[in-house]
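Summary of the model geometry
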Amino acid sequence: MPPPTLPPSSPDDPAEPSMGREMDDEDLVEELLVTVNSARAFAEFRRTQRKECANLLRWLQLVLPLLEELRDAAPRLTDDAYRRLALLGRALAAARRLLRSCHDGSKIYLALESETVLAKFRDVYEKMHSALDGMPYAELAISDEVKEQVELMNAQLTRCKKRTDTQDMELSMDLMVILQNKEEERNADRAILERLAKKLELQTLAELRAETMAIKKLINDRNSNGGGQHAVADSTRQMVDLLNRFKEIAGVDGKDVLGGDVSMPKSLDKCPSLMIPNDFLCPITLEIMTDPVIVASGQTYERRSIQKWLDSGERTCPKSRQPLAHLSLAPNYALKNLILQWCDKHMVELQKREPEPAAETEEHKEDIPSLVEGMSSIHPDVQRKAVKKIRRLSKECPENRTLIADNGGIPALIGLLACPDKKVQENTVTSLLNLSIDDKNKVLIARGGAIPLVIEILRNGTPEAQENSAATLFSLSMLDENKAAIGSLGGLAPLVELLRSSGTARGKKDAATAIFNLVLSPQNKARATQAGIVPALVKVMDDKGLGMVDEALSIFLLLSSHAACRAEIGTTAFVEKLVRLIKDGNSTPKNKECALSVLLELGTNNRPLLVHGLRFGLHEDLSKIAKNGTSRAQRKANLLIQLARKL
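Keep in mind that this is a model prediction, so the values were computed, not measured.

This part covers the overall build of the protein. Looking only at helices and strands, the protein has 32 helices and three strands in total. Looking at the 647 residues of the protein, the share that counts as buried comes to 53%. Put simply, of all contacts in the protein between residues at least 6 apart along the chain, 71% involve residues at least 24 apart. For the protein, the exposed area adds up to about 29500 Å²; of that, 51% sits on carbon and sulfur atoms.

What follows covers the nonpolar core. Formed by 171 residues in total, the largest nonpolar core has its most connected members in Phe 246, Leu 499 and Leu 553. In terms of residue count, helix H3 (residues 79–104) provides more of this core than any other element does, 13 residues in total. Apart from the residues within four sequence positions on either side, Leu 553 is in contact with Met 541, Leu 578, Leu 581, Asn 591, Cys 594, Ala 595 and Val 598. Counting residues in hydrophobic clusters, the runner-up holds 22 residues, among them Leu 205, Val 293, Leu 335 and Val 348.

A few words on the confidence of the model for the protein. Predicted coordinates in regions of low pLDDT should not be interpreted in detail. A residue-level look at the protein finds 86% of positions with pLDDT of 70 or above and a mean pLDDT of 82. In the model, residues 258–273 has pLDDT below 50 throughout and makes 39 contacts with residues more than four positions away in sequence or in other chains. In the model, residues 355–361 has pLDDT below 50 throughout and makes three contacts with residues more than four positions away in sequence or in other chains.

Right, let's get into the packing of aromatic side chains. A complete count under the given rule lists four aromatic pairs for this structure. Their ring planes at 80 degrees and their centres at 5.0 Å tell us that Trp 59 and Tyr 125 sit as a pair that is edge-to-face. Residue Trp 59 is found in helix H2 (residues 50–73), and its partner Tyr 125 is found in helix H5 (residues 114–132); the two are separated by 66 residues along the sequence. You can call Trp 59 buried: its relative accessible area is 3%. Centroid distance Phe 280 to Trp 342: 6.0 Å. Interplanar angle 75 degrees. Geometry classified as edge-to-face.

Within the fold, Arg 615 resides in the loop between helix H30 (607–614) and helix H31 (618–628). Judged by relative accessible area, Arg 615 falls into the exposed class, the value being 64%. Spatially, the C-alpha atoms of Arg 615 and Glu 576 are 9.9 Å apart, while their sequence positions differ by 39 residues.

Strand order in the open sheet made by the three strands is S2-S1-S3, with antiparallel pairing throughout. Taken across any chain shown, the strands that pair with only one partner, and hence form the sheet edges, are strand S2 (300–302) and strand S3 (330–331). Pairing between strand S1 (residues 292–294) and S2: three bridges, direction antiparallel. Across the sheet, the residue bridging to Ile 294 is Thr 300, located in S2. Strands in contact with helix H11 (residues 303–311) are S1, S2 and S3; relative to S2, the strand with the most contacts, it is inclined by about 95 degrees.

Locating Ile 390 in the fold gives a position in helix H14 (residues 380–396). The spatial distance from the C-alpha of Ile 390 to the C-alpha of Leu 432 is 9.7 Å, given a sequence separation of 42 residues.

The next thing to look at is unusual backbone geometry. Backbone geometry places Ala 74, a non-glycine residue, at a positive phi of 50 degrees. Within the secondary structure layout, Ala 74 lies in the loop between H2 and H3. With relative accessibility at 38%, the residue Ala 74 sits in the partly exposed group.

Scoring rules and cut-offs
Residues numbered from 1 in each chain as written. Predicted model: local features only at pLDDT ≥ 70, side-chain atom pairs only at ≥ 80, totals over all residues. Heavy atoms only, no water. Helix = DSSP H or I, 4+ residues; strand = E, 2+ residues; numbered from the N terminus. Buried < 20%, exposed > 50% of the residue type's maximum accessible area, 1.4 Å probe, protein only. Contact = heavy atoms within 4.5 Å. Areas by Shrake-Rupley, 256 points an atom, 1.4 Å probe, with all protein chains shown as cover. Core = buried A, V, L, I, M, F, W, Y, C linked by side-chain atoms within 4.5 Å. pLDDT = per-residue confidence, 0-100. Phe/Tyr/Trp six-rings, centres within 6.5 Å; stacked < 30°, edge-to-face > 60°. Pairing = 2+ DSSP bridges. Axes fitted to C-alpha atoms, helices over the stretch in contact; angles between N-to-C directions.

Below you can see the structure in the form of structure tokens.
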């Protein structure tokens, strides 16, 4: 049953003498109880909104005794009491929808639109507060204990509306880097993808399949609501691209869910109304199988998909996660015949696949031990050729990286980092970058003493070696223990130098990404400031051709939370630069959002700085952004407006 419709008057208006009621008093209270209890039934939530969902559930739990006493006492509701309970019904229904979305909605959507989702939580808090503020407890025969509990909760809701949450900056930066680097993905970007997949819990076959269906549902909902706007289309494309990249690193064939039903190959696009039996679909690709085979666990897969899974080094059943006793694939003729009969009956043509290129895995297995041995040769030519091949093999597939590490490749590579041959240095550090995709290799590389040698190449290597050294430090810094080690060993100074050098845009982006990751650690904030990060970032911001304003401001936002760093950043000249960005009509919405975030952090801790910024006619721009900016920019603009009023 939908929540009751509110009358036109606001919650604070005096009660009308006669008020239209859609249901009687007992039904209204019972409906509220049903809504609360159904909302409380959701127990697991997406990681990005877990904290907020826990808070909302706690408040729903606190409002429950009020509704139970109302049900037991069954008082006659005045118009004012009915109106407030009807408003509470709307708030509770919105809370239930929000909790459901955070329970089974798209994880990628909830991460990309985290600020929009947070705004929905705040809207629920506002509605609950409006309904409960001024509730006529006396005439409702509510006990003092329950009244005090609800009033305390309402006070907490008031504070919650004013709270400024700290954004997950690491997640935000990772998404920014990945969405910008679609054309030139390297292994450093793959490392970010793997970290995102881990954070969003999109690593296993079951998780990716559920996410595929969640995105498909979201797309269908948007289409049915006429969601053809450019911004919505861009958001949808970003979600699909990111999902396909997660599938790729997990060894699952990608499928563009914009092209039709995710469980249908292109040959079935003309008949989307057909309901394909689930048993006909490969659990990996979600496509109808053309060559079904049975693995040791008894599960059936499309031959090409399961072979790709096994070739990547996996030795478990993708669906059950059981270890496979053997790797033999047995044709499932019975199922194939059923599929062919079904296709014939429904006049569906099965998709024809191109044959897979011949695998070279066995050859690589034989090559790798001799190549690792060659890297330790006393002959420079042998070393040079071996490390060049290791660089190529380490990039190709996870199985090669495992073989290289298992055959002692990491110590051999670390031994070559100090080689005077610049090309050998370049190939060596790039090989370590490729191997560092795997977390266990990150540990082995760091503990093997590679970090100071990589830092030295960052200082004195070839331009490409410097770029890949920065990317390697970034990859290694994904482990907290390595963040501290890189900072204490002097890694920040050469990264800052690369950032302000006349090198390539790719090198500067590698340096900025590594610096961002390192200053997530508090002790590295001061080190970065001492290394000259502030003027380097200002220079990056001024170079419009680089297109790195967002990256620079994201680092500034992290630094501004540290008192010593804030003292250097917090100058009137820098505030004026932020104001110009906010007022500039050519600034992107993301530029303005980042600039507002930094200005808010500085202004909250140093009021005179904000007063200085407001002298440049910022009020009008804040009002515009509060109405038309990104959801996060709107929130920051409103907080700045509130802060300005206090001044």
